[in-house]
Amino acid sequence: MLIYRGLSRISRISKKTPFGRRWLPSHPLLSGASHSAAAAAADSSVKVLGCREAYSWSLPALHGIRHQIHHQSSSVIEEQLDPFSLVADELSILAKRLRSMVVAEVPKLASAAEYFFKMGVEGKRFRPTVLLLMATALNVRVPEPLHDGVEDALATELRTRQQCIAEITEMIHVASLLHDDVLDDADTRRGIGSLNFVMGNKLAVLAGDFLLSRACVALASLKNTEVVTLLATVVEHLVTGETMQMTTSSDQRCSMDYYMQKTYYKTASLISNSCKAIALLAGQTAEVAILAFDYGKNLGLAYQLIDDVLDFTGTSASLGKGSLSDIRHGIITAPILFAMEEFPQLRTVVEQGFEDSSNVDIALEYLGKSRGIQKTRELAVKHANLAAAAIDSLPENNDEDVTKSRRALLDLTHRVITRNK
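Residues numbered from 1 in each chain as written. Predicted model: local features only at pLDDT ≥ 70, side-chain atom pairs only at ≥ 80, totals over all residues. Heavy atoms only, no water.

### A few points about the side chain of Gln245
Assignment of secondary structure puts Gln245 in helix H11 (residues 225–246). Only 3.3 Å separates the side chain of Gln245 from the side chain of Lys262, close enough to count as a polar contact. Those residues in contact with Gln245, other than ones at most four positions away along the chain, are Lys262, Lys266 and Ile331. (Helix = DSSP H or I, 4+ residues; strand = E, 2+ residues; numbered from the N terminus. Polar contact = N/O pair within 3.5 Å; in protein donor to acceptor, adjacent residues only side chain to side chain. Contact = heavy atoms within 4.5 Å.)

Given below as structure tokens:
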């Protein structure tokens, strides 16, 4: 991965725009940029069945992440960075724009479509934060001098187009949540009643479809075939992953490889391909686009693996959903798969299913005796390290804004694996 380091040192532009320094796409984007499109898109110890897990985060792998963060830091940014604060102003802009984008002619549909975009229930806005930070981390200036007015216009247009990717990603994500809640017959989401619980399954499905249609319109406005293909593939992956989860054979259900592939489709494909889209809009090289993709993929996998842990160790209050949700729905995740490696007899319980609550109790007893939770955390740390390595392998750049954003992306790899909700 480090072979890309030193490929280029990118000069910085000292002039400022409302988004920070004026960062422009590298030259290939200039010839194909669409100005009209830009205007249009203007507790560390937890209990598992009475078994106390005292798992220390002083793992060698985690030290690797801290090393990466230190490696990227400079005297300018030694202070603690909050990734979300760095893009807080843009997140507010995106939130307002998203609320306006999901307005529908039929009041009932409008109310359903905006259900998870209303202030107070927007969620962590994790994906938009990653994408906005990636945008600053990757943007470079045009090699030849341009008139200031043209330069400003191009910088603003690029940022608007990249913000559009963040908006599209959030709409696709929320649409998938609405559909998943219907399939799972979920009662809650983000600490409130799920849309299907409040308004019914039919309206929830239609609201998800509506959000996908709005995402498609916004995607088309970018007039970039490669980006359109990437995000269309994401929707295919979401459907494929959900189908894999619903139609597993006995062997597939007990396979870690199958589980990780399904997890990529359901969780990591969206953020990885969106990160790649950010790089492509900036006119970055194929090598840099792959690094952006690798960051998103491994961050997404780490995030989901910790979600798997929290489903067993968290509480309904902290998660905004019922704990033990997955296993009660018969979904086998990494902690149980690892526990099965230690206790093969657990497979018989898994194959019997969990309609009988006594089987849930038996599975949890085996989990409590195993290293399933710990090994899942270790796997999450491994993927977080891979994400950090991707950022560390980007071409060197000493600009303050770029360095801050890259360090914030590294910080997110740490936050993902140490979170408790």
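Okay, back to it.
### A short note on helix H19 (residues 357–369)
Taking 1.5 Å of rise per residue, 13 residues should cover 18 Å, and H19 covers 19 Å from first to last C-alpha, within 8% of that figure. Within H19 the residues assigned to the buried category are Asn359, Val360, Ala363, Leu364, Tyr366, Leu367 and Gly368. (Expected span 1.5 Å × (residues − 1). Buried < 20%, exposed > 50% of the residue type's maximum accessible area, 1.4 Å probe, protein only.)

### Concerning the environment of Asn420
By the secondary structure assignment, Asn420 is in the segment after helix H21 (400–418). With a relative accessible area of 42%, Asn420 lands in the partly exposed category.

### A short note on the pattern of salt bridges
When their charged atoms lie close together, side chains carrying opposite charge are able to pair. For the coordinates displayed, the defined rule picks out eleven salt bridges. One salt bridge in this structure joins Glu351 and Arg347, with 2.8 Å as the shortest N-O distance. On the criterion of helical spacing, the pair formed by Glu351 and Arg347 is a turn pair, its members being four residues apart in helix H18 (residues 346–352). Looking at Glu351, the relative accessible area reads 44%, which means it is partly exposed. Shared partners join several salt bridges into a network, and the residues in it are Asp82, Asp411 and Arg415. (Salt bridge = Lys/Arg side-chain N within 4 Å of Asp/Glu carboxyl O.)

Just distances and angles here, no functional claims.
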